[in-house]
Amino acid sequence: MNGTILVGTAGQGILRSVDDGATWHRLGLKEAIEFDGVVRSLAVDPSDPSRVLAGADAGLCISLNGGAHFKRVDSPMNQETVWAIAFDPSNPKMVYAGTGAPSRARMYRSKDGGLSWEQLGIELPEFCQGVNRPRILTVCVNPVRSGEVWFGVEEGGAWRSPDCGDTWERVDTPTSGIGNSDIHAIAVLPPVDGQPQKNLVLTVNSVYTSTDDGQTWSGKASKERFDGMYYTRTVQVVDAAGSTLLLAIGDGTPGTRTRIYRSEDRGESWAPTLLHTAPNSTVWAFGAHASDPSLLFAGTKYGHLLRSMDGGKSWFKEWRDFSEITSVAWTPFVAPVKAHPQSIN
């Protein structure tokens, strides 16, 4: 495999490998992202695999060489923790980012690929009941309807904008059918082969779907569908058509039992994938790149990194462990091999 694997952690900043995971390097001591910092999100520019955005406890950072070096973008997010980043796949100049605990949960937008940012005009509460301070865990852009943006808050609901974030409406209204405001992930599947667009909203304990543009939702408790496990963490769309999906679920946070489920029918049915090593905690994040949908990564709360080379059907644990994995990215860009001296074998 030619490319760069990036692992965002809570406590070791970003670790990167340019030799297919044989060796790993942390960012250097003079980087914008601290050597022992917290990185909550990673996003690769779909139009330029050398450009990587990272959401850290220092704010929004950018790399122009595949993650070898990062610099902080001076923005309203300075010193805020950036939990989620999403490029508009139809217009990668448009990028969205969401912040949260321990800072305020806010939404931001860039119109120049992440070089400058503005705060969007939506106010979220400073505190919530479940996690004290809300955090925006997920941001998603409709892959075929440019300008339609979604974000989800733990805890604070699911929100949608039809106009690139100028205005917002809350989706999980009392009559919507979504029964929990603790939103962990959102996905938008494009219409294909006569099937309508399908929206997925994952709450902490359920998966909800809509095929009427979010007007009505149906769902089922995860513990009734996924071998008694309830903690519904995140979803990954594997292919451009949205036919194949992966779902990460566990028995809690951090959890002692976790599985990755796979769907080949847009989330109508799910089957457990093959995990060759039992993960040590709930799977927390997926990493993928459109250039090779067969290659996928997944990271757990307690630092196991898993790899799939068959589109998520089976998974092998990487040889080394990490601290808490919060985000994973893979880019086909081959970064400099010896960008930093800190090798961690």
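Scroll up to find the structure this text is about.
Residues numbered from 1 in each chain as written. Predicted model: local features only at pLDDT ≥ 70, side-chain atom pairs only at ≥ 80, totals over all residues. Heavy atoms only, no water.

Novice: Outline the state of the cysteines, listing residues and values.
Specialist: Under the defined criterion, the tally for this structure stands at 0 disulfides. A disulfide-free cysteine, cysteine 140 has its sulfur positioned 14 Å from the sulfur of cysteine 164, the nearest such atom. (Disulfide = S-S within 2.5 Å.)

Novice: Describe in detail the sheet that holds strand β25 (residues 283-287), supporting the description with residues and values.
Specialist: As summarised here, the arrangement of the 5 strands in space is β24-β28-β27-β26-β25, forming an open sheet in which the pairing is mixed. The outermost strands of the open sheet, each flanked by one partner alone, are β24 (274-275) and β25. Relative to strand β27 (residues 305-308), strand β26 (residues 296-300) is paired through 4 bridges, and the arrangement is antiparallel. Counterpart to glycine 299 in the pairing with β27 is leucine 305. (Pairing = 2+ DSSP bridges. Helix = DSSP H or I, 4+ residues; strand = E, 2+ residues; numbered from the N terminus.)

Novice: Any details on the packing of aromatic side chains? Residues and values, ideally.
Specialist: Counted according to the given criterion, the structure contains 9 aromatic pairs. An angle of 5 degrees between the planes, with centres 6.1 Å apart, marks the rings of phenylalanine 151 and tryptophan 159 as stacked. With centroids separated by 6.3 Å and ring planes inclined at 75 degrees, the aromatic side chains of phenylalanine 226 and tryptophan 270 adopt a geometry described as edge-to-face. Residue phenylalanine 226 is found in the loop between β19 (218-221) and β20 (231-237), and its partner tryptophan 270 is found in the loop between β22 (258-263) and β23 (271-272); the two are separated by 44 residues along the sequence. Overall, the relative accessible area of 1% leaves phenylalanine 226 in the buried class. Residue tryptophan 270 is classed as buried on the basis of its relative accessible area, which comes to 14%. Among the aromatic residues, ring-to-ring pairing joins Phe151, Trp159 and Trp168 into one connected group. The residue whose ring lies beneath arginine 233 is tryptophan 284, and the NZ or CZ to ring-centre distance is 3.8 Å. (Phe/Tyr/Trp six-rings, centres within 6.5 Å; stacked < 30°, edge-to-face > 60°. Buried < 20%, exposed > 50% of the residue type's maximum accessible area, 1.4 Å probe, protein only. Lys NZ or Arg CZ within 6 Å of the ring centre and 35° of its normal.)

Novice: Give me the lowdown on the sheet that holds strand β4 (residues 39-44), citing residues and values where you can.
Specialist: The strand order β4-β5-β6-β7 describes an open sheet built from 4 strands, whose pairing is antiparallel. Each edge of the open sheet carries a strand with a single partner, namely β4 and β7 (71-72). The pairing of β4 with strand β5 (residues 52-56) spans 5 bridges and is antiparallel. In the sheet register, alanine 43 faces β5, and the bridge partner there is leucine 53.

Novice: A description of the pairing of strand β8 (residues 81-88) should follow, citing residues and the corresponding values.
Specialist: When you tally the buried positions in β8, you get 8 out of 8 residues, the bulk of the element. Bridging between β8 and strand β9 (residues 91-100) involves 7 bridges; their strand directions are antiparallel. Bridge pairing in β9 places valine 82 opposite threonine 99. Between the end of β8 and the start of β9, which pair antiparallel, lie 2 residues.

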